[in-house]
Amino acid sequence: MAMEAEARPIIAALGAVETDCAPPLPAKFFVARVLDCEVVVAINGRDPRHDVDSIGTEAAALTTLEVVRRFSPDVLISAGTAGGWQSKDARIGDVYVSRGEFVHHDRRIAIPGFDAYGVGSYPSVDTAALAEVLGLKQGIVTTSNSLDENDDDRRMIAINGGDVKEMEAAAVAYVAELAGVPMLAVKAITDLVDHHTATAEQFAANLAMASSRLAGELVRVIQFLMGSDESPVGNRRSTS
Ligand code: ADE
């Protein structure tokens, strides 16, 4: 997760306890037990130069690599808040799970081969059963390092069919694929990208509510991943 405000409700819901940090990274790690599983909530921490949460792809990739090396997870979840589109029936507070592939919409490299590298297209686990059982929306998650979007971003998002716009998931998915760890995203909508109100204003108004909705659904997603016969990462009840 990128922002402490996004993570606070799920840390509280799980009763997760902070464990050792990982200098020089500003990342923080909170550990909880859910049934027979260890759940690690990793947040990117505060940027030491600018004293704000370390949002964006660089911090997300570094934190994910640290999580993979230190905790050897069975599954990674990029969790947080995101923008959606009212033209695609998104509503503030909706919680989406990732579908298909994770893409970047701000890495434009018009050289054969590098163009596809720029988009990324890292796989999400199949969340169809999870979404149906839990009643969650599914969408293609599209990542950039900007909160707003320009015309080039809009064009890329349209080409790739993006439904959920945020700033970390494709970077997490990049590391997940390198490490061979299955990965999905769970994102709560704070703002409607195609609404006349400025994104930053919507985001500030809805961050607490969306983070609380995110925590509630994350608990259900974790329980589904661990306990369901339809879990895309295996049924942990039958493993020792
Ligand atoms: N996080 C929350 N809303 C977002 C948006 N519209 N774009 C990028 N990241 C976001």
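Residues numbered from 1 in each chain as written. Predicted model: local features only at pLDDT ≥ 70, side-chain atom pairs only at ≥ 80, totals over all residues. Heavy atoms only, no water.

Digging into the overall build of the protein chain
Short version of the rule: Each helix corresponds to a stretch of at least 4 residues labelled H or I by DSSP, and each strand to a stretch of at least 2 residues labelled E; elements are numbered beginning at the N terminus. Here the radius of gyration uses the C-alpha set of atoms, whereas the globule reference equals 2.2 Å times the residue count to the power 0.38. Areas reported as accessible are Shrake-Rupley estimates using a 1.4 Å probe. Residue values count occlusion only from the protein chains shown. A positive count includes Lys and Arg, and a negative count includes Asp and Glu. His and the chain ends are not counted in either. Lys charges are placed at NZ, Arg charges at CZ, Asp charges at CG and Glu charges at CD.
When its secondary structure is counted, the protein chain shows 7 helices and 11 strands. For 240 residues, the compact-globule estimate of 2.2 N^0.38 gives 18 Å, and the C-alpha radius of gyration of the protein chain, at 17 Å, lies within 12% of that figure. Here the protein chain has roughly 11,400 Å² of accessible surface; of this, 53% comes from carbon and sulfur atoms. Charge centroids of the protein chain, computed over 21 positive and 34 negative side chains, lie 2 Å from each other.

Things to note about the sheet that holds strand E3 (residues 37-43)
Inclusion rule: Note: two strands are recorded as paired if DSSP finds a minimum of 2 bridges between them. For helices, the axis comes from a line fit to the C-alpha atoms of the stretch in contact; other axes are also lines fit to C-alpha atoms, and the angle between any two N-to-C directions lies between 0 and 180 degrees. Every residue pair with non-hydrogen atoms within 4.5 Å of one another is taken to be in contact.
Here 3 strands make up an open sheet; going across it, the order is E1-E2-E3 and the pairing antiparallel. Strands at the two margins of the open sheet, each flanked by one partner only, are strand E1 (17-19) and E3. Across the sheet, the axes of successive neighbouring strands diverge by a mean angle of 35°, strand direction being ignored. Taken together, the 7 bridges between strand E2 (residues 28-34) and E3 define a ladder with antiparallel strand orientation. Within the sheet, the bridge partner assigned to alanine 32 lies in E3 and is valine 39. Packing of helix H1 (residues 4-14) onto the sheet brings it into contact with E2 and E3, and relative to E3 it is tilted by some 160°.

Things to note about the pairing of strand E6 (residues 101-104)
Pairing geometry for E6 and strand E7 (residues 120-123), over 3 bridges, is antiparallel. Of the residues in E7, the one forming a bridge with phenylalanine 102 is tyrosine 122. When E6 meets strand E9 (residues 141-143), the two strands line up parallel, connected through 2 bridges. The residue bridging valine 103 from the neighbouring strand is threonine 142, located in E9.

A look at the packing of aromatic side chains
The line we're drawing: The criterion for an aromatic pair is that two Phe, Tyr or Trp rings (for Trp, the six-membered ring) have centres within 6.5 Å, with stacked assigned to planes under 30 degrees apart, edge-to-face to planes over 60 apart and tilted to the rest. Partly exposed residues are those whose accessible area sits between 20% and 50% of the maximum for their type, while under 20% is buried and over 50% is exposed, using a 1.4 Å probe and protein chains only. Lysine and arginine charges are scored as sitting over a ring when NZ or CZ, respectively, is within 6 Å of the ring centre and within 35 degrees of the ring normal.
Following the criterion strictly, the structure yields 2 aromatic pairs and no others. Where phenylalanine 29 meets phenylalanine 71, the ring centres are 5.8 Å apart and the plane angle is 50°; that geometry is what we call tilted. With phenylalanine 29 in strand E2 and phenylalanine 71 in helix H2 (residues 57-71), this residue pair connects regions lying 42 residues apart in the sequence. For phenylalanine 29, a relative accessible area of 0% translates into the label buried. Seen in terms of ring centroids, tyrosine 122 and tyrosine 174 are 5.7 Å apart; in terms of plane orientation they differ by 55°. Their pairing is tilted. Within this pair, whereas tyrosine 122 is found in strand E7, its partner tyrosine 174 is found in helix H6 (residues 169-179), the two being separated by 52 residues in sequence. Between arginine 107 and the ring centre of tyrosine 117, over which it is positioned, the NZ or CZ distance is 5.2 Å.

Section: the packing of H1 against helix H7 (residues 199-227)
Applied cut-off: What sets the label is the angle itself: under 35 degrees gives roughly parallel, over 145 gives roughly antiparallel, 65 to 115 gives roughly perpendicular, and the rest give oblique. In this scheme the handedness of a crossing depends on how the near helix is turned from the far one: anticlockwise by less than a right angle means left-handed, clockwise means right-handed.
At a closest axis distance of 8 Å, the pairing of H1 and H7 adopts a crossing angle of 40°. Here H7 runs oblique to H1, going by the angle between their axes. For the crossing formed where H1 meets H7, the hand is right-handed. Residues Ala5, Glu6, Pro9, Ile10, Ala13 and Leu14 of H1 form the contact with H7, whose participating residues are Leu207, Ser211, Ser212, Leu214, Ala215, Leu218, Val219 and Ile222.

Considerations on the nonpolar core
Note the threshold: Buried residues of nine kinds, namely Ala, Val, Leu, Ile, Met, Phe, Trp, Tyr and Cys, make up a nonpolar core once their side-chain atoms join them within 4.5 Å.
If you look at the biggest cluster of nonpolar residues, it comprises 33 residues, and the most contacted ones within it are Met1, Leu14, Val41, Leu130, Val186 and Val221. Contributions of two or more residues to this core are made by H1, E2, E3, strand E5 (95-98), helix H4 (128-134), strand E11 (183-192) and H7. For this core, the leading source of residues is H7, giving 9 residues. Excluding residues that lie within four positions of it along the chain, leucine 14 makes contacts with Ala32, Val34, Val39, Val41, Val219 and Ile222. By size, the runner-up hydrophobic cluster in this structure holds 28 residues, among which are Ala60, Ala61, Leu76 and Ala185.

Brief notes about the site of the ligand
Formally: Near, as used in this document, describes a residue that has one of its heavy atoms within 4 Å of the molecule or strand being considered. The term polar contact refers here to a pair of N or O atoms within 3.5 Å; inside protein, the definition further demands a hydrogen-donor-capable atom paired with an acceptor-capable atom, and it admits residues adjacent in sequence only when both atoms are side-chain atoms. For this classification, Asp, Glu, Lys and Arg are treated as charged, while Ala, Val, Leu, Ile, Met, Phe, Trp, Tyr, Cys and Pro are nonpolar and the rest, including Gly, are polar.
Taken together, Thr81, Ala82, Gly83, Ser146, Leu147, Lys165, Glu166, Met167, Thr190, Asp191, Thr199 and Phe203 make up all the residues around the ligand. One nitrogen or oxygen atom from the main chain of leucine 147 is found 3.2 Å from a nitrogen atom belonging to the ligand. Within the side chain of aspartate 191, one N or O atom sits 2.5 Å away from a nitrogen atom of the ligand. In isolation the ligand offers 260 Å² of accessible surface; the protein chains occlude 96% of this area. Counting residues per element, the ones that place at least two in the shell around the ligand are strand E4 (76-84), strand E10 (164-166), E11 and H7. Top element by residues in the shell around the ligand is E4. It accounts for 3 residues. Looking at the shell around the ligand, its residues break down into 4 nonpolar, 5 polar and 3 charged.

So yeah, pure geometry; function would need other evidence.
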